[in-house]
Amino acid sequence: MSKKSFRQAINEALAQEMRRDHRVIVMGEDVAGGLGAPGDQDAWGGPMGVTKGLVGEFGRERVLDTPITESGFIGAAVGAAATGLRPVADLMFVDFMGVCFDQIFNQAAKFRYMFGGKAVTPVVIRTMYGAGFRAASQHSQCLYPIFTHIPGLKVAIPSNAYEAKGLLIQAIRDDDPVIFFEHKMLYDDIDEVPDEPYTIPFGEANVTREGTDLTIVAFGRMVKFANEAADLLAKQKISVCVIDPRTTSPMDYDTILESVEETGRLVVVDEAHPRCSMATDVAAFVVQDAFKHLKAPIKMVTPPHVPVPFSPALEDEYIPNTARIMAAARSVLA
Amino acid sequence: MSDAIKPIGMPKWGLAMTEGKVNAWLVEEGADIAAGDEILEIETSKITNVFESPAGGTLRRKVAAEGETLPVGALLGVVADAGVTDAEIDAFVEMAKAAQAEAAAAAVPPPAPEIVQAEGWSARVLTMAPEAGGALPLLLIHGFGGDYQNWQFNQPDLAIDRTVYALDLPGHGGSSKVLTGADVPGLAVAVRSALAALGVERFHVAGHSLGGAIGLQLALNEPKRVTSVTLICSAGLGPEINTDYIEGFIKSDKRKDMKATVEKLFADPAFVSRDMVDDLFKYKRLDGVLPALRTIADAVFAGGHQTTIFTDKLPTLDVPVQAIWGEADAIIPVAHAHALPEARRHVLAGAGHMVHIEKPSDVTRLIGEFVAFASG
């Protein structure tokens, strides 16, 4: 056990799985890096340095720099998965996923069903999401609801470094396509992460705070803010249960429903656009299955329904934060 | 400054503890207390426990407020005789706080466990030793599903006059998850090879639950090497075992189920914190742990009963053996302590299977006294 950043946790998960299973390969833009760059061939390791060191250990046969053609290399990764490899493709920003929707939605997600369960597609697509990076509207979205919408895809959204390593190893060993969401603002967050490989099962929510007065469900980076809000509310003698679903597909509604049956009050915190989001999804399920337990209307804490602004001042306003979660909690408890 | 002023400091329970939260004072200012009285409830990130006063006298000052989180060693209260003036106590508190600030600036990291390469497996071992010399070493062996940290309340005090090793069994904690043998004799061989790697020739052993049976097996195998055996809520003394607990430990994958399972270990279920349950999940998720636990459980508790029982071998064993049990043990019946003569068994009230965590000072004292007695 030692302290590792979110970035190191992902790097370690990739390296350990590549050592364990020779079918695991890594591909994407600049995942090896250095071609045409000054210094070593391992100069970059991706734009955030997440894959740094892998090409040195595993060579260019297993760490593939691809052209800037998402439609091409995501299709190649899906095909490689269908024919026996276990590729981890790095699609730098989830915002670019639009150019390869067919490969993901209509091919990877469908193979298991179309071939009567005889085909599996063990591909992982790692991708960065989220605002706060001053990267404007084309590099800041949280598009996990779109992938959650498609049956046949699994969607993981780790909330800290410990979760990131365990969920990524699980994703690599899973026989279905997994879209793995990494928030840009979490890469330097540090947590206790075991040195040994470990897996966190999909579809099992993590209760990060136990409480009886109010339930907060939060996703990805928002879990951190929800925990902060819960700790501040605890000082005011308000006992808050915080639930991190970890994966949105499969989704652990049971843990949420059990908690809401106890608290009768729900706040959902989602950094995605507010329409057809995880916030609306969770709210709808709770209304359908636990309506009689609700003591107050459900509150959704989300950004406004606009693209992420480039102005730093506006971007800061846009992102849900601890203060807004506390305000929502108080209004639900009033 | 009067020697009659005795400080009460934040205790250090285990390596990971750097600070503790004062949940509640259990005595009032002005009360007369004896050493060993329960005076505070302290919460750490791992566990909540009562703190027994290291000193006797009148509790003259509560320095720490309830709800306050303070570093290990911080002054919590002051015990002194009636003859000491309030002004002297004020001066003492001020001086202690200044010293505390200095100590915080020069904090040293706690001792860390090391990995020892044994035959066919690697063992994680935490070694604590007195600064110089010391008597025959003591080996601590945890039970099924545990690790060296189970001894966090006992190991530091036991290591005042001898080297104390606490190891993680194969498949447990930070040891390798490959098993060279899964039954009690097989695990004893593995432990012996770890001791050889540590260069330990003769030793005392104290084992909890499954670890007790392993300790006893070590003594039966090599009675000349083992100078005493302390069995704590031990396996190996009768067929009964609560296999609901064993199965629950392996199979629980929901926090609620795991919490209910682990609560069976304690007389007071409040000992089970969310961090304790979290840590157990983190352990169970490591590659290889579940198959290892399954294999050990199938070998040691086959068909719902303990497979290795040593009661008929005890009368002829030429090594002193004692048993310590929690009266409310819900895992292995306290009646198994009767395998030992009355003078060699200690049943502690108000404790369950984890008696060394629930009654740490009693268990530490009993081990220490027995080890000293057996050393002659």
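Scroll up a little and you will see the structure.
Quick caveat: nothing in here was measured; it's all calculated off a predicted structure.

1. Overview of the overall build of chain B
A tally of regular secondary structure across chain B gives 10 helices and 16 strands. On C-alpha atoms alone, chain B measures out to a radius of gyration of 21 Å, which is about the 21 Å that the 2.2 N^0.38 rule sets for 376 residues. Based on the C-alpha atoms only, the size of chain B along its principal axes is roughly 65 × 50 × 40 Å. By the burial criterion, 53% of the 376 residues in chain B qualify as buried. Restricting to contacts in chain B with at least 6 residues of sequence separation, those with at least 24 account for 69%. When the accessible area of chain B is evaluated, it comes to approximately 15,300 Å², of which 53% is carbon and sulfur surface. For chain B, the separation between the mean place of its 31 positive charges and that of its 48 negative charges on side chains is 6 Å.

2. As for unusual backbone geometry
Look at the link from Ser249(A) to Pro250(A): it is a cis peptide, with omega at 0 degrees. Structurally, the position occupied by Pro250(A) is in the loop between strand 12 (247-249) and helix 9 (253-263). The phi torsion at Cys276(A) lies on the positive side, around 50 degrees, for a residue other than glycine. Although it is not a glycine, Ser209(B) sits at a positive phi angle of roughly 60 degrees.

3. Structural notes on helix 10 (residues 360-374) of chain B
Residue and element names in this part refer to chain B. For helix 10, with 15 residues, the first-to-last C-alpha span of 21 Å sits near the 21 Å given by 1.5 Å per residue. Turning to helix 10, its buried residues number three or more, namely Pro360, Val363, Thr364, Leu366, Ile367, Phe370 and Val371. Here the buried residues of helix 10 occupy an arc of 165 degrees about the axis, which is enough to place them on one side. In the stretch just after helix 10, Gly376 is the one whose phi turns positive, near 70 degrees.

4. Details of the interface of chain A and chain B
Between chain A and chain B, the contact holds 20 residues from the first and 13 residues from the second. Carbon and sulfur atoms make up 37% of the area that chain A and chain B hide from each other, which totals about 1,300 Å². On the chain A side of the contact with chain B, Tyr162(A), Glu196(A) and Glu210(A) bury the most area, a combined 35% of that side's loss. Our enumeration of links across chain A and chain B arrives at five salt bridges. Where Glu210(A) meets Arg274(B), a salt bridge forms, and the shortest distance between an N and an O atom there is 3.5 Å. Seen at the junction of chain A and chain B, the total is 10 residue pairs in polar contact (both at pLDDT 80 or more). Those elements giving two or more residues to the side of chain A that touches chain B turn out to be helix 7 (161-173), strand 9 (206-209) and helix 9 of chain A. Element by element, the count of residues in the side of chain A that touches chain B is highest for strand 9 of chain A, at four residues. When grouped by side-chain class, the residues that make up the side of chain A that touches chain B number seven nonpolar, four polar and nine charged.

5. Examining the layout of surface pockets
Approximately 820 Å³ is the volume found for the second largest pocket. Looking at the second largest pocket, it is lined by 38 residues, and the ones nearest its centre are Asp253(B), Lys254(B), Arg255(B), Lys256(B) and Phe281(B). Of all the elements in the fold, those that place two or more residues in the lining of the second largest pocket are strand 9, strand 11 (240-244) and helix 9 of chain A together with helix 5 (243-251), helix 6 (255-263), helix 7 (274-284) and helix 8 (289-300) of chain B. A total of five residues in the lining of the second largest pocket trace back to one element, the largest contributor, which is helix 9 of chain A. Each residue belonging to the lining of the second largest pocket can be placed in one class, and the counts come to 11 nonpolar, nine polar and 18 charged.

6. Some details on the pattern of salt bridges
Residue and element names in this part refer to chain B. Applying the stated criterion to the full structure yields 43 salt bridges over all chains. The closest approach of N and O atoms between Glu369 and Arg365, which form a salt bridge, is 3.6 Å. Taken together, the residues Glu369 and Arg365, both in helix 10 and four residues apart, mark about one turn of the helix. Under the relative-accessibility criterion, Glu369 is labelled partly exposed at 44%. What makes Arg365 partly exposed here is its relative accessible area of 42%.

7. What to know about the pairing of strand 12 (residues 162-167) of chain B
All names here are of chain B. Where burial is concerned, most of strand 12 is hidden: six out of the six residues are buried. Neither face of strand 12 is left uncovered, since the one carrying Arg162, Val164 and Ala166 and the one carrying Thr163, Tyr165 and Leu167 both have all their residues buried. Bridging between strand 10 (residues 122-128) and strand 12 involves four bridges; their strand directions are antiparallel. Opposite Val125, over in strand 12, you have Leu167 as the bridge partner. Pairing of strand 11 (residues 135-141) with strand 12, which is carried by five bridges, proceeds in the parallel orientation. From the neighbouring strand, Ile141 faces strand 12, where its bridge partner is Leu167.

8. Structural notes on the sheet that holds strand 9 (residues 114-117) of chain B
Residues and elements named next belong to chain B. Reading across from one edge, 9-10-12-11-13-14-15-16 is the order of the eight strands in this open sheet, with mixed pairing throughout. In this open sheet, the two strands that pair with only one neighbour each are strand 9 and strand 16 (345-348). Pairs of neighbouring strands in the sheet enclose a mean axial angle of 25 degrees, with direction left out of account. Of the strands in this sheet, strand 11, strand 12, strand 13 (203-208), strand 14 (226-232), strand 15 (321-326) and strand 16 are in contact with helix 10, which crosses strand 14 at around 155 degrees.

9. Some remarks on the side chain of Arg285(B)
If you trace the backbone, Arg285(B) turns up in the loop between helix 7 and helix 8. Glu163(A) provides the closest opposite charge to the buried, unpaired Arg285(B), separated from it by 5.4 Å. For Arg285(B), the contacting residues outside a window of four places in its chain are Tyr162(A), Tyr198(A), Thr199(A), Ile200(A), Pro201(A) and Arg246(A).

10. Focus: the environment of Thr308(B)
Residues and elements named next belong to chain B. Looking at the element boundaries, Thr308 is found in the loop between helix 8 and strand 15. Taking relative accessible area as the criterion, Thr308 reaches 14% and is therefore assigned buried. Sequence separation of Thr308 and Glu342 is 34 residues, and the distance between their C-alpha atoms is 23 Å. For Thr308, the residues in contact, after removing those within four places along its chain, are Val184, Pro185, Gln217 and Gly236.

11. Description of the nonpolar core
In this structure, Leu76(B), Leu139(B) and Phe144(B) are the most contacted members of the largest nonpolar core, which totals 149 residues. It is helix 7 of chain A that provides the largest number of residues to this core, a total of eight residues. Setting aside residues up to four positions removed in sequence, Phe144(B) forms contacts with His172(B), Leu210(B), Ile246(B), Phe249(B), Ile250(B), Leu293(B), Ile296(B), Ala297(B) and Phe301(B). Judged by nonpolar contacts, the second largest core, of 53 residues, contains Phe147(A), Cys241(A), Ile256(A) and Leu294(A).

12. Focus: the sheet that holds strand 2 (residues 19-25) of chain B
All names here are of chain B. Read across the open sheet, the four strands follow the order 5-4-2-7; overall the sheet is antiparallel. This sheet does not close on itself; its edge strands, each paired only once, are strand 5 (48-52) and strand 7 (69-71). Adjacent strand axes in the sheet meet at a mean angle of 40 degrees when their direction is disregarded. Where strand 4 (residues 38-43) lies against strand 5, five bridges are found, and the strand directions are antiparallel. Note that in strand 5 the partner of Ile42 across the bridge is Asn49.

What counts as what
Residues numbered from 1 in each chain as written. Chains lettered and ligands numbered in written order. Predicted model: local features only at pLDDT ≥ 70, side-chain atom pairs only at ≥ 80, totals over all residues. Heavy atoms only, no water. Helix = DSSP H or I, 4+ residues; strand = E, 2+ residues; numbered from the N terminus. Rg over C-alpha atoms; globule rule 2.2 N^0.38 Å. Buried < 20%, exposed > 50% of the residue type's maximum accessible area, 1.4 Å probe, protein only. Contact = heavy atoms within 4.5 Å. Areas by Shrake-Rupley, 256 points an atom, 1.4 Å probe, with all protein chains shown as cover. Lys, Arg positive; Asp, Glu negative; His and termini not counted. Charge placed at Lys NZ, Arg CZ, Asp CG, Glu CD. Expected span 1.5 Å × (residues − 1). Arc of directions from axis to C-beta. Buried area = accessible area lost by both parts, 1.4 Å probe. Salt bridge = Lys/Arg side-chain N within 4 Å of Asp/Glu carboxyl O. Polar contact = N/O pair within 3.5 Å; in protein donor to acceptor, adjacent residues only side chain to side chain. Nonpolar A, V, L, I, M, F, W, Y, C, P; charged D, E, K, R; others polar. 1 Å grid on protein atoms, 1.4 Å probe; cavity = no way out; pocket = protein on both sides within 12 Å on 5 of 7 lines; lining within 4 Å. Points joined across faces, edges and corners; volume = space filled by probe spheres on them. Pairing = 2+ DSSP bridges. Axes fitted to C-alpha atoms, helices over the stretch in contact; angles between N-to-C directions. Core = buried A, V, L, I, M, F, W, Y, C linked by side-chain atoms within 4.5 Å.

These figures capture arrangement, not role.
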